[in-house]
Each structure stands twice: as C-alpha cells, then as structure tokens.
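# Secondary and tertiary structure notes
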Amino acid sequence: MLLRVAAWLGKILVGTALALAVFLVGTYFHVRGSLPSYSGQLTAAGLKAPVEILRDKNAVPHIIAGSLEDASFALGYVHAQDRFWQMELLRRVGQGRLAELVPARLIGSGLVDSDRVMRGLGVYRKASESVNALSPAMRARLEAYAAGVNAWIADDDQQFGLELTLIKLLSGGRYKPDPWRPADSLVWAKLMALGLDGNWRAELLRLRLAQKIGEDGVKFLIEPGGDSKDSTLSLVMSAVKGIDLDRLYRGTDVPAVAKREASNEWVLSGARTVSGRPLLANDPHLGFSFPGVWYLARLVGPGFDIRGATSPGSPVVVLGHNGTVGWGFTTTNLDSQDLFVERIDPTDPNRYITPDGPRSFSVREETINVAWGDPVQLRVRETRHGAVIDDFVRQLDKLTPQGHVLALQATALDGSDTSAEGFARLGTAQNWEEFLAAARRIGTPMQNIVYADTSGNIGLIAPAKVPIRRKGDGSMPVPGWTGEYDWAGFVPFDELPRVYNPAGGLIVNANARLVPDDYRHFISKDWAEPYRQRRADQLLREVERHPVYGMIVMQADNLSLDAADMMPWLLKGKPRNARAAQVHAMLGRWNMFMSASRPEPLIYNAWIAELQRSLLADELGNELYDPMSHPNVPLMLRILGDKPGWCDDGGTRQTETCGDQIAQALDRALDWIARRHGNDMSTWQWGREHLAAHRHPLFDQVPLLRDIASVRFPSDGGGQTLNRASPSFRGNRPFDAVHGAGYRGIYDFSDLDNSRFAMPLGQSGNMLSPWARNFVETWQKLGYIEIAGTRAETARTALGTITLSPPSR
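Please read these numbers as outputs of a predicted model, since none were measured by experiment.

## Re the overall build of the protein
Scanning the protein from terminus to terminus reveals 25 helices and 30 strands. A total of 809 residues make up the protein; the buried ones form 61% of that total. Sequence separation of at least 24 residues holds for 73% of the intrachain contacts in the protein that already meet a minimum separation of 6. About 29400 Å² of surface is accessible on the protein, with carbon and sulfur atoms providing 50% of the total.

## So, the pattern of salt bridges
In the structure shown here, the tally under the stated rule is 49 salt bridges. A salt bridge links Arg92 to Glu100; the nearest nitrogen and oxygen atoms lie 3.3 Å apart. For Glu129, the salt bridge identified is with Arg125, shortest N-O distance 3.7 Å. On the criterion of helical spacing, the pair formed by Glu129 and Arg125 is a turn pair, its members being four residues apart in helix α6 (residues 123–133). Residues joined by salt bridges that share partners form a network here, namely Glu88, Arg91, Arg92, Arg97, Glu100, Asp178 and Asp184.

## Considerations on the state of the cysteines
In total, this model carries one disulfide according to the counting rule given. Paired by a disulfide, Cys647 and Cys658 hold their sulfur atoms 2.0 Å apart. In this structure, the disulfide formed by Cys647 and Cys658 twists by about 85 degrees around the S-S bond and is classed as right-handed. Of the two residues, Cys647 is situated in the loop between α20 (633–642) and α21 (658–677) and Cys658 in helix α21; the sequence distance between them amounts to 11 residues. On the accessibility criterion, Cys658 (12% relative accessible area) is buried.

## Here's the deal with the pairing of strand β3 (residues 61–64)
As defined by bridge partners, strand β2 (residues 51–55) adjoins β3 across four bridges and the pair is classed as antiparallel. Note on β3: the bridge partner recorded for Glu52 is Ile64. Where β2 folds back on β3, the antiparallel hairpin that results is connected by five residues, among which Ala59 adopts a positive phi of roughly 70 degrees.

## Section: the layout of surface pockets
Volume-wise, the second largest pocket comes out at about 330 Å³. Around the second largest pocket, the lining comprises 15 residues; the ones closest to its centre are Gln158, Phe160, Lys168, Lys176 and Pro177. Mapped onto the lining of the second largest pocket, the elements with two or more residues apiece are α7 (136–153) and α8 (161–170).

## Here we look at the pairing of strand β4 (residues 263–268)
Within β4, six of the six residues are buried, which leaves it mostly tucked inside the rest of the structure. With burial as the criterion, each face of β4 is covered, one bearing Ser263, Glu265 and Val267 and the other bearing Asn264, Trp266 and Leu268. Of the pairings in the sheet, the one linking β4 to strand β23 (residues 506–509) comprises four bridges and is antiparallel in character. Its bridge partner lying in β23, Val267 is registered against Ile507.

## Quick notes on the packing of helix α10 (residues 200–222) against α20
The N-to-C vectors of α10 and α20 enclose an angle of 125 degrees; their axes lie 9 Å apart at closest approach. It follows from the interaxial angle that α10 and α20 lie oblique. The residues of α20 that touch α10, namely those facing Phe220, Leu221 and Ile222, are Leu635, Arg638, Ile639 and Asp642. Of the residues assigned to the contact of α10 with α20, the class counts are five nonpolar, no polar and two charged.

## Some thoughts on the packing of aromatic side chains
By the definition in use, this model includes 17 aromatic pairs. A centroid spacing of 5.5 Å and a plane angle of 45 degrees characterise the contact between Phe84 and Trp152, whose relative ring orientation is tilted. Of the two residues, Phe84 is situated in helix α3 (residues 68–95) and Trp152 in helix α7; the sequence distance between them amounts to 68 residues. The pair formed by Phe84 and Trp152 is uniform in burial state, with each residue classed as buried. When the centroid spacing of 5.4 Å and the interplanar angle of 85 degrees are considered together, the rings of Trp672 and Phe735 count as edge-to-face. Here the residue Trp672 occupies a position in helix α21, and Phe735 occupies one in the loop between β26 (725–727) and β27 (737–741), the gap between them amounting to 63 residues. We classify Trp672 as buried; its relative accessible area is 18%. Ring pairing ties together the aromatic residues Trp432, Phe435, Tyr451 and Tyr500, which thus form one cluster. Here the guanidinium or amino end of Arg55 rests over the ring plane of Tyr38, the centre of that ring lying 4.0 Å away. One cation-aromatic arrangement involves Arg343 over Trp481; the distance from NZ or CZ to the ring centre is 4.0 Å.

## As for helix α5 (residues 110–121)
With 12 residues, α5 extends 17 Å between its outermost C-alpha atoms, agreeing within 8% with the 16 Å of an ideal straight helix rising 1.5 Å per residue. Counting buried residues along α5, 12 of its 12 residues qualify, which places the element largely inside the surrounding structure. At the exit of α5 stands Gly122, carrying a positive phi of roughly 70 degrees.

## Looking at unusual backbone geometry
Omega for the bond connecting Phe290 with Pro291 falls within 30 degrees of zero, at -10 degrees, which places this linkage in the cis form. In this structure, Pro445 follows Thr444 across a cis peptide bond, with omega equal to -5 degrees. Phi at Trp372 takes a positive value of approximately 55 degrees, unusual for a residue other than glycine. Along the polypeptide, Trp372 turns up in the loop between β13 (362–368) and β14 (376–382). Classification of Trp372 as partly exposed rests on a relative accessible area of 43%.

## Thoughts on the environment of Gln41
Residue placement: Gln41 occurs in strand β1 (residues 40–43). With relative accessibility at 74%, the residue Gln41 sits in the exposed group. Taking the C-alpha atoms as reference points, Gln41 and Thr801, 760 residues apart in sequence, are found 8.5 Å from one another.

## Topic: the sheet that holds β1
Here 11 strands make up an open sheet; going across it, the order is β1-β30-β2-β3-β6-β7-β8-β9-β17-β18-β22 and the pairing mixed. Each edge of the sheet is formed by a strand with only one pairing partner; in this case those strands are β1 and β22 (498–500). In this sheet, neighbouring strand axes are inclined to one another by 25 degrees on average, regardless of whether the strands run parallel or antiparallel. Note: strand β7 (residues 304–310) against strand β8 (residues 317–321), four bridges, orientation antiparallel. For Ala309, the partnering residue across the bridge sits in β8 and is Leu319.

## A short note on the packing of α3 against helix α9 (residues 182–196)
Where α3 contacts α9, the two axes come as close as 9 Å, and the packing angle between them is 70 degrees. Our classification of the angle between α3 and α9 gives roughly perpendicular. Residues Leu90, Arg91, Val93, Gly94 and Gln95 of α3 pack against Asp184, Val187, Trp188 and Leu191 of α9.

## Looking at the side chain of Arg97
Within the secondary structure, Arg97 sits in the loop between α3 and α4 (104–107). What makes Arg97 buried here is its relative accessible area of 18%. Of the polar contacts made by the side chain of Arg97, one reaches the side chain of Asp178; its length is 2.9 Å. Ignoring sequence-local partners within four residues, the contact set of Arg97 consists of Arg92, Asp115, Arg119 and Asp178.

## Structural notes on the environment of Gln582
On the secondary structure map, Gln582 appears in helix α17 (residues 578–589). In sequence terms Gln582 and Met681 are 99 residues apart; their C-alpha atoms lie 8.8 Å from each other.

## Points about the side chain of Glu382
Inspection of the secondary structure puts Glu382 in strand β14. Judged by relative accessible area, Glu382 falls into the buried class, the value being 18%. In terms of polar contacts, Glu382 uses its side chain to reach the side chain of Arg364, at 3.0 Å. The contact partners of Glu382, leaving out residues within four places of it in the chain, are Arg125, Tyr352, Phe361, Ser362, Arg364, Ala387 and Val388.

Calculation criteria
The written sequence of each chain sets the order in which its residues are numbered from 1. Side-chain atom pairs in this predicted model are given and counted only at pLDDT of 80 or more, local residue features only at pLDDT of at least 70, and totals for whole chains, interfaces and linings cover all residues. Values shown for side chains rest on all heavy atoms present in the structure; no hydrogens or waters enter the calculation. In this description a helix means any DSSP run of H or I spanning at least four residues, a strand means any run of E spanning at least two, and both kinds are numbered starting from the N terminus. The cut-offs for exposure are 20% and 50% of the maximum accessible area for each residue type, with area from a 1.4 Å probe on protein chains only; residues under the lower value are buried, those over the upper are exposed, and the others partly exposed. Whether two residues touch is decided by their heavy atoms; if any such pair falls within 4.5 Å, the residues are in contact. Computed by Shrake-Rupley with a 1.4 Å probe, the accessible areas treat only the displayed protein chains as cover when residues are assessed. A pairing counts as a salt bridge when a side-chain nitrogen of Lys or Arg comes within 4 Å of a carboxyl oxygen of Asp or Glu. To count as a disulfide, a pair of cysteine sulfur atoms needs to be within 2.5 Å. Here, strands pair whenever DSSP counts at least two bridges between them. Only protein atoms enter the calculation, which uses a 1 Å grid: trapped sets of points that fit a 1.4 Å probe without letting it out are cavities, open sets showing protein on both sides within 12 Å along at least five of seven lines are pockets, and any residue with an atom within 4 Å of a point is a lining residue. Grid points are joined across faces, edges and corners, and a volume is the space filled by probe spheres set on the points. Axis lines are fitted to C-alpha atoms, over the contacting stretch for helices. Their N-to-C directions set the angle, which ranges from 0 to 180 degrees. For classification purposes, an angle smaller than 35 degrees is called roughly parallel, one larger than 145 roughly antiparallel, one from 65 to 115 roughly perpendicular, and anything else oblique. Under the grouping applied here, Gly and all other residues not named as nonpolar or charged are polar, the nonpolar ones being Ala, Val, Leu, Ile, Met, Phe, Trp, Tyr, Cys and Pro and the charged ones Asp, Glu, Lys and Arg. Between the rings of Phe, Tyr and Trp (Trp by its six-membered ring), a pair exists once the centres lie within 6.5 Å; its type follows the angle of the planes, with under 30 degrees stacked, over 60 edge-to-face, and the other angles tilted. Working rule: Lys NZ or Arg CZ, within 6 Å of ring centre, within 35 degrees of ring normal, means a charge sits over the ring. The span one expects for a helix is its residue count, reduced by one, times 1.5 Å. Any pair of N or O atoms that falls within 3.5 Å is considered a polar contact. Within protein, one atom must be able to donate a hydrogen and the other to accept it, and sequence-neighbouring residues count only if both atoms are side-chain atoms.

And the structure:
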C-alpha cells in the first residue's frame, strides 16, 4: 500500500536530488540523533504500574507488565520508537489526509485521489464507530496503546526521523503529528480488510472484460484454478453477468483498496511429528517494503506470555503463540464486497428507488485539505447499501446508465465491527473453546486460522461475516432497486468452515479452495492457484514424522509445480532454431526449482510471461490486459487445450497456431534476456533479475538515497513456490520480487521456547539504525531466531532496559 503512495511522494524528491545531497550532509547527524535509546526511565501518565522493556540481542522488545493494558501502553511506546513514521503514513492513508502533507503541484493529483476514495468510503469514520462497538476491556487496551504512542510523541526533544522531517519542510513547517487515538489503530484493520477481502474492483474489471469479449469469454477467464482434490475443504460456483463501467476501474485505482492475497500455513498433530506434539508453521505474504509490515515482540505478565508478530499501530500480537495456544493465518479471499446499481428517482434526484419505494440519499460533506492548494470539497451520498462511489471518482462521464449510481456494500465498512477484539482475544485463548469464542467476534477479513495447543489438539476455523445473497454470487454489479440481489443475512457461525483434530492429523492451506463442492454457502470464486497448497501437502505426506527443521526446509522450498503442468506444452513442439533447441534441452533436464543461481527459472518466467501476453493482449487490448499480466498457468492451459482460437493474433494476416505462439514467445523472451545478459545462456542467473525489492516508500526513487533506504538482494523462489517471491511482471525490471513472506513462524508444542521466528529485514524503520537490516543475512541463510528466556536470561544479553512508571501520587 505505502509503496504506491511512495511512487507519488517520490516524484517530489527525484527533482531535488542535488539540494537533497546538501541537505543530507547537514541532516546525517540529525537522523542519527533520531535513533531511539533502548535504555532509560520515563514517567508517563496512563500506566497502572511500572513496566520493563528489555530489548534482546535482536532488538526484540520483551515487555514485562502487570496487566495487558500496561503491556499495550509499552507496545505503543516501542512501536513509536522504532516505526512512528510508518504508523503516521498508514493512518493518514486511512484518514484520507495524505494531500495535507506535500504540495499537489509537486506531485500531481495522486494523493488527492487516494484521499477522495478513503473519504468517500468513510474508512476512518467507520473505524471510529467500531471503537464504540468494542468491549470496555478492549477499548482500555486501545486507549493504553494510544497513551504509549503519545508518551513518545510528547517528548519535547523528540526527533521524528528523516522522513517526517522532510515532510515538515515540504509542508512549510506546518506538519506536526497529531496525538494517537484508538481509531488510528483500527484503521490498519479496516485497510487490511478492504484489501484481503477485496473484490469490488474485480467486479468492475469483469464488466470491462464483458464489454470486450462477451459474457461467455469472462466466464472462461475467471474460472477458478485447481480442482476439488487440491483444496483444504474446497468449493467453486460461477456465473457472471452485468454491465460495463469502464473508467470507474481506473478512477478507483488507489493503493489502499488494492487486492492482497497469498500466505502459507500448515499444522501437524503429534502423530505426524518427531516429538509427538503438534507443529504449526505460518508465513503470511504481503507486499515487500522498507520497513516491513511486521514487528516482533513479546508481552509477559500475570496470566499471559504472548510472542510473535505485531503490526505497528496496533496493540495486538497478530500471529504467534501464548505459551499454550498458537495460531496462523492465510487469506480466504472471501467475496464480502458487492456493487449495487441504484436507480435515481426520476421525479426527485435527491432520492433513489428501493423495493419499498423512493428513499432519500444520506448525504455528508467532506473537505480534503491540500498543501499549498485549495481544499477539495466532496459531497458523498449513501444508499441503504453503502457509499455512492460515483461521488468520489474524477471525471465520471458515462460510467453508469443515465439516472443510476453505484453503491458499495462491504463488511469492511461496517461501523459495528468487532473484529479487532476477536483477533486480540485469539492471543489470550487457552483452549479450543476459548479460541472459538474469540473467533465469533471476527467479521472481517476472513482468514483461514489454524490452531494448535500444548494438549495436542489441532484445528482450523475461518470466521467472518459471510454474506448470504438472495440471488447471484457477487461477481458483477447488480440492480439495487429490486431487492432481488440484496444480502439476506450472514452465514451462521456454526456453519462456517471448521475442522478439529482431523483423523489424518494434517491441515494445510495456501489460499487455494477452502471448502468442498457440497458446501452449502458461497464464499468466493477468487481462490488462489493450487500449486503452493499442492506442494505443501505433497511434502507433508512424504515424511512419516516431521522435526522442526523439516518445517524450515518446507518454508524455503523452491519447487514450482506450475512448471510441471506448463512444461509439456512449452516443449511439445519441435524447436524452430538452434537457440530454441538449446532451451528445450536445458528445460527438459530442469528440476523445476526456482534457484537464484540458475538460468532455467529466468527463461521459464520470461517465456510464460510472453506467452500469456500473446494469448490475451490482442483479445483484450493493452489496458485491459495490464491488470491480468501476472502469468496464470491454469488459464493458459485452458486456452491451449480448450480455446485454441485465442492463439491466433487478430492483428496479423496469417493464422497463428498455439505452437506458433509458444515458439514466438520463446524467441521474444530470449531476445529480452540476451539484451540484458548476453548470448551465453550458461551465464544467465535468475537472481540477477529476481531481486527481493524491499523499497522505501519515500526514497526509493531518489538516486542518492535509494541504496541507503531500500533493501534489495537476489532471491530464490517465485510466484508459485512455498518460498514465495512473486515478481511484479511490470516495468523495466519485471521479475523483481515484490510480494512474499514478510514473517515466518514455526511453533513447537513440545517446547514452545524452541519456536522459531524470522523476518527479512529488521525491527527498526530508521534506515541508519543497526537494527533496520540486521535479519537480512540470517533470512538469506534460512536462519530464524528464538523469542524465549526468563527475564534474567534476556537481561544478560539485552541491548538495554527501559522502565516506564506512572506518576507518583
């Protein structure tokens, strides 16, 4: 999300590199001075009792407190110490207040457009309402966390780092961080829900495709990959219909609503492990960035010892274990967002038609302040379904039929949502029943949550508000005035996908299909391709009993099973030249591992990328093809097998066969690689083009800062390997990895102190901190750390200890 914001903000800095060089000489010591102290004492209002923060040798805070509220206070304090600028940008995305930061005349309209969408959807307003839906205990944790952040902000000598210092300069000195509020912590959850359960823009894309290739063509394109045997539990339903709303897709193309998916998880019962106790492994996949999404922490106190991955801005350990129970997530890809075409009352434009007659729009006014510019006024209408998106998209023209508007209904925008509390309570559950009670409070985003405990139990629950539609499957915008397509309610909790202590002693999910064909409720048609899930299941069944190290090996696995499906087609025809013959011989011997040091993964990825473009771009046009540019092997296989007519290029006189397209795609791929790496294939390496690109959201485009602020290193893996490092397939470096694991956890229930944790970068968001990149080498060598030990053991090697105390009475 922040990387797309980066592309906008970075434009400011590219043109001022020389001035920035002079500035950096003077600010180097300022930035060094902004590094937080990991030792000291602070008196702070909002605490009930003293709290100790010990930073272990990896800069992971071990927070020792007398209550969860005080532990949350201290977590807010350490998050602010290490990641405040990241927290500040993220909350401003959700608030719709990015345009206040820098002048639009320097950057264009990108930030304003993002603000328009966030204000139009009312994301921060809904986060504020959700605070009031939480229990007093959860609100107390949020308030304590906010107090901890504010204790750090309030320091008169506080340095906010280079990022916010530059923003202050660009704003003419007007920028000053606002106090942190509980709603700011819920904004992150709202944005994640919009992205992880996000399909409303996919509905728009499908309508654009329908205009170009017809309804049957769209049905063919969106048929889910894989089949029932590849699923965790497994389902597919399909049907598409609707109207085209072409430009609206571009008008809502802002980072905060971009679709996010992909993660791995598996859990083994004691019958399948060397120790005789469960093992749980999880690695969530999100976009790469500097700093990363996750921050390791341990919260210790009476009745709790929670360790794992937190997200700066939130008081919750999102992924990890608590000494008794462990859990992990993958995204279900639930369809919980629908677009409704609302009919305006022809006799009164202030009303719209409902099944019960005309009803007045609810209307709210929004003002977007713009640095060095005039404020932007928004008048946003809402219907019974939700916000009218026509009201916050520029130059709408004829996006909807005359007399109609589009409204979005989404569980992520429910002001009564209690998901934050549900996710928090997972971390304190002591058994399966308490875990299910916590899960009942989760409405969005839908996650496949795996479970294990020290008593030897394993399970999975996928909690969410899953819409029950009166008609249709939510894949296209539908009429809103008839009531035929309305949501009739939500799937009862007891009917949601769930398994507990399965006879096989194994649960695995990697975003592929979750439920079987006979599951009675519709969840999604946007399941991920089945290859990672199939590979994990294959590896888990190959070994009778697994050790902890076996989980590490699996998380680092680089076999790409999509190649096993695709290779017979690629090598089917006779090579048409000597170079192609060399490739056929090379790939014929290839073991399908995506190794950074080998040429085969580079040739394969370039080949299938060119092939998909040749199969689809002439049918769809470049603009429609762009959001579908990531190679989809199941789709290509269906085209090659079932729609060979699509192999003909309509832009040429001759008729091309699928064999022609495969051969020509190889020639183009080899030409591209040779231009960059020479003609000797034996010297080509996947890792030279496949760098894991952890880009700084502000400075990646600034030559003088790029190599200091961003982190890049050659990476094994690919888009369909368990060691996921998915290329963007766009731009002048199309194979750089931009999406993959930002955290890996392996929890050993025979000895939870033996659990393993890993991140690719480090704890700090300050690019000059020694703790900003301290995990990079460990990550590349498949290394993990432990978060364990008594207070005395941690103190012996600690970087320092901070004591936070309430004011004396």
